[in-house]
Amino acid sequence: MKTTPRGPLVVLVAVLLAVAAGAGGARAASGGAGRADAPGGAGGAGAASAALTQAGGGRDAARAEAAEAVRAYWTPERMRHAAYQGGGLTRGATEHAQRQLAAPATEPTVEPGSVPPAAASSPGAPAADAEIPIRVGRILYVDPFDGKDKACDGNALNSGSRRLVVTSGSCVYSRAAHAWMNNWVFIPGYFRGSAPYGKFVGDWGYTFNAWINDGDMNYDFGLATTHPNESGQRLVDRVGGDGFAWNQPREEFVSANGYSVNGQIPSGCGGYTRPASFGGIELPCAPSDGGLSRGGRWLMDVDPDTTLGHVNGVTSIHQPSGWLQSPYVNTEFRDFYYRVADS
């Protein structure tokens, strides 16, 4: 049964991502009137949403036109030169981490659960043993803080809509600018400027108020719905989608996957997680290619035949000591997922 978060850390849903690039690379702000469409929680914080764009030609036509403009904006050259968000602490996160150093890492008090993965179903779907991971991808966007092209990591996630990307909150919302990222696109299987399965332009973005307002590392988690690619295929139909798991043991074998901060090729590592001092979980990971960028998946219970598994974390921080850190995915994240899953 789907549930809606009722506590003060309810999800903020905001317009995101598919804004057309104007002449000379100028970006238009997202249009549309906002509306409150969810009840407030105990702290009085409700959820807000807004139409993607109100350009002429009707909402559906305008959204399709905006998505096409974003695909055109991300040329191979721009894709190759987008600067990666490193794994260091973001604005607001350091103070919160210091406040949480003594926080106990408690075990789950409710039953663990999961949503199953799904294989690709579109004609010409890639094989599971493809050399480049097919559900891992590069997220590209224009940072509203400085107007520069930047990049994160993400992963296709199975859901009712079959168009969902999982990443970190810092890859959908800029705390420095207090605004959502622009010209956002997800490219599964990205490799040195290529988009072998198409470009999936962001439609809506989601993260927690606790990340937006406080930089709380325990809620540095994001989801984004996407438009179909150039061939009209939905993301999970095209490349498949991993499942989603919550309330899992804090000591679990996972593989962390994403892209190297020093290059254009996929990277990763595997090992057992442990409780982190701030309340999340962490994983030893020191690949020789410079480490992983933000937003990459942490995958457990991987099927060796299909390579499908369950996402139970995302890279939020890459510590200089070589440890990756992720929020702990608990019941609040389950509720968050179900709120978005069919969108």
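Details of the structure are given in the entry above.
The written sequence of each chain sets the order in which its residues are numbered from 1. Residues qualify for local features only when their pLDDT is at least 70, as the model is predicted, and side-chain atom pairs are given and counted only at 80 or more; totals for whole chains, interfaces and linings, by contrast, use all residues. In computing side-chain properties, one takes all heavy atoms of the structure into account and sets aside hydrogens as well as water.

A. Highlighting the nonpolar core. Core analysis: the largest hydrophobic core is formed by 22 residues, its most contacted members being Leu 157, Phe 221, Leu 223 and Phe 244. Counting only elements with at least two residues in this core, the list comes to β8 (164-167), β12 (200-208), β14 (243-246), β20 (310-314) and α6 (331-340). Per-element tally for this core: the top contributor is α6, with four residues. Leave out the neighbours within four places in its chain, and Leu 157 touches Leu 164, Val 166, Leu 223, Val 236, Gly 241, Asp 242, Gly 243, Phe 244, Val 311 and Tyr 337. The term nonpolar core refers to a set of buried residues drawn from Ala, Val, Leu, Ile, Met, Phe, Trp, Tyr and Cys, joined through side-chain atoms within 4.5 Å. To sort residues, take the accessible area from a 1.4 Å probe on protein chains only and compare it with the maximum for the residue type: under 20% means buried, over 50% means exposed, and anything in between is partly exposed. Core analysis: the second largest hydrophobic core is formed by 19 residues, Ile 134, Tyr 141, Cys 152 and Ile 212 among them. Segments assigned H or I by DSSP are reported as helices when at least four residues long, segments assigned E as strands when at least two residues long, and all are numbered from the N terminus. The contact rule is simple, with two residues in contact once any of their heavy atoms fall within 4.5 Å.

B. How the structure looks around the packing of aromatic side chains. Each aromatic pair joins two rings of Phe, Tyr and Trp (for Trp, the six-membered one) with centres within 6.5 Å, and gets the label stacked for planes under 30 degrees apart, edge-to-face for over 60, and tilted for any other angle. Scanning the model with the defined rule gives 15 aromatic pairs in all. The interplanar angle of 65 degrees and the centroid separation of 5.9 Å between the aromatic rings of Tyr 190 and Tyr 259 together place this pair among those described as edge-to-face. A residue pair is termed long-range when its members are at least 10 positions apart, and Tyr 190 in the loop between β11 (182-188) and β12 and Tyr 259 in strand β15 (residues 253-259) qualify at 69 residues. Aromatic side chains Phe 208 and Tyr 219 sit 4.9 Å apart centroid to centroid with 70 degrees between the ring planes, which places their arrangement in the edge-to-face category. Of this pair, Phe 208 sits in strand β12 while Tyr 219 sits in the loop between α4 (209-214) and β13 (222-226), and the two are 11 residues apart along the sequence. Of the two residues, Phe 208 and Tyr 219, neither departs from the other in class, the shared state being buried. Clustering of aromatic rings is evident, with ring pairs tying together Phe 208, Tyr 219, Phe 221, Phe 244, Trp 246, Phe 333, Phe 336, Tyr 337 and Tyr 338. Working rule: Lys NZ or Arg CZ, within 6 Å of ring centre, within 35 degrees of ring normal, means a charge sits over the ring. The ring centre of Tyr 73 lies 3.9 Å from the NZ or CZ of Arg 78, which sits over that ring.

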